[in-house]
Amino acid sequence: MILGGILAGGASSRMGTDKALVEVADRPMVEWVAEALAAVTDRVVIVGRSRLDGFEVIPDPVKGSVGPLAGVVAALAEAASTGRSGVLVVAVDQPFVRPATLRRLVGLFEDEAVVPVADGIRQVTCAVYPAAWHPAALAELEAGGSIQSLLDRMNHRLVSAAEWAEWGEEGASWFSVDDADALAAGRERFGSLLE
């Protein structure tokens, strides 16, 4: 079993308001992400928050602005403590995420992380991580590292653009809505996925 984790610990400073609640196609972004994860996992949690109405939440393990690795660490701890083999994470600002793509990522998961690559960059906030990575991820967090630096040390399975394009993915699943301009661009490029 895989835990679904929505990374929602950021300050939303570029957006100027809580990104989780920003509406896309008449629904908050968090609902789109939760729905996609629920189609693939048996339980969905918000990580990086102490509260978000209507959702089960797990706070970050450390205080302050520490980036998405903290959310991954919290999700991995929860997955390990509940006997799950891993966690499928998606950032709260990725409302165009496709359940079909998430299914494919989970289908490739065995004992190492599964991470898509787009434009040469590992898309670490739309990926699957093994629960067994919790100690290493926690150590990386405590050392001031990031998800990228964690991956530099751990075995992982990259999913190339050629591979995910064969799934019908166009990059929508890891398109991040960081600010108002990105929201407008995402609606134009991928809005039809939410109809």
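What counts and what doesn't
- Residues numbered from 1 in each chain as written.
- Predicted model: local features only at pLDDT ≥ 70, side-chain atom pairs only at ≥ 80, totals over all residues.
- Heavy atoms only, no water.
- Helix = DSSP H or I, 4+ residues; strand = E, 2+ residues; numbered from the N terminus.
- Contact = heavy atoms within 4.5 Å.
- Phe/Tyr/Trp six-rings, centres within 6.5 Å; stacked < 30°, edge-to-face > 60°.
- Buried < 20%, exposed > 50% of the residue type's maximum accessible area, 1.4 Å probe, protein only.
- Lys NZ or Arg CZ within 6 Å of the ring centre and 35° of its normal.

**Digging into the environment of valine 45**
Next, step 1: Within the secondary structure, valine 45 sits in strand β4 (residues 43-47).
Next, step 2: When the C-alpha atoms of valine 45 and glutamine 94 are compared, they prove to be 15 Å apart, with 49 residues separating the residues in sequence.
Next, step 3: Beyond its immediate sequence surroundings of up to four residues, valine 45 is in contact with Leu3, Gly4, Gly5, Ile6, Glu56 and Ile58.

**Here we look at the packing of aromatic side chains**
Next, step 1: On inspection of all chains with the given rule, the structure shows five aromatic pairs.
Next, step 2: Taking 5.9 Å as the distance between ring centres and 50 degrees as the angle between the ring planes, the aromatic pair formed by phenylalanine 96 and phenylalanine 190 counts as tilted. Of this pair, phenylalanine 96 sits in the loop between β6 (86-91) and α3 (99-108) while phenylalanine 190 sits in helix α7 (residues 180-190); the two residues are 94 residues apart in sequence, bridging distant segments of the chain. For the residue pair phenylalanine 96 and phenylalanine 190, the accessibility class agrees, reading buried in each case.
Next, step 3: Relative to tryptophan 133, the ring of tyrosine 129 has its centre 6.1 Å away and its plane inclined at 50 degrees; by these criteria the two rings are tilted.
Next, step 4: Look at tryptophan 133 and you get buried, because its relative accessible area is 6%.
Next, step 5: In textbook terms, an aromatic cluster arises when at least three aromatic residues are bridged by ring pairs, as seen for Phe96, Phe175 and Phe190.
Next, step 6: The ring of tryptophan 32 is capped by arginine 27, whose NZ or CZ atom sits 4.4 Å from the centre of that ring.

The quantities given are spatial measurements derived from coordinates; they are silent on function.
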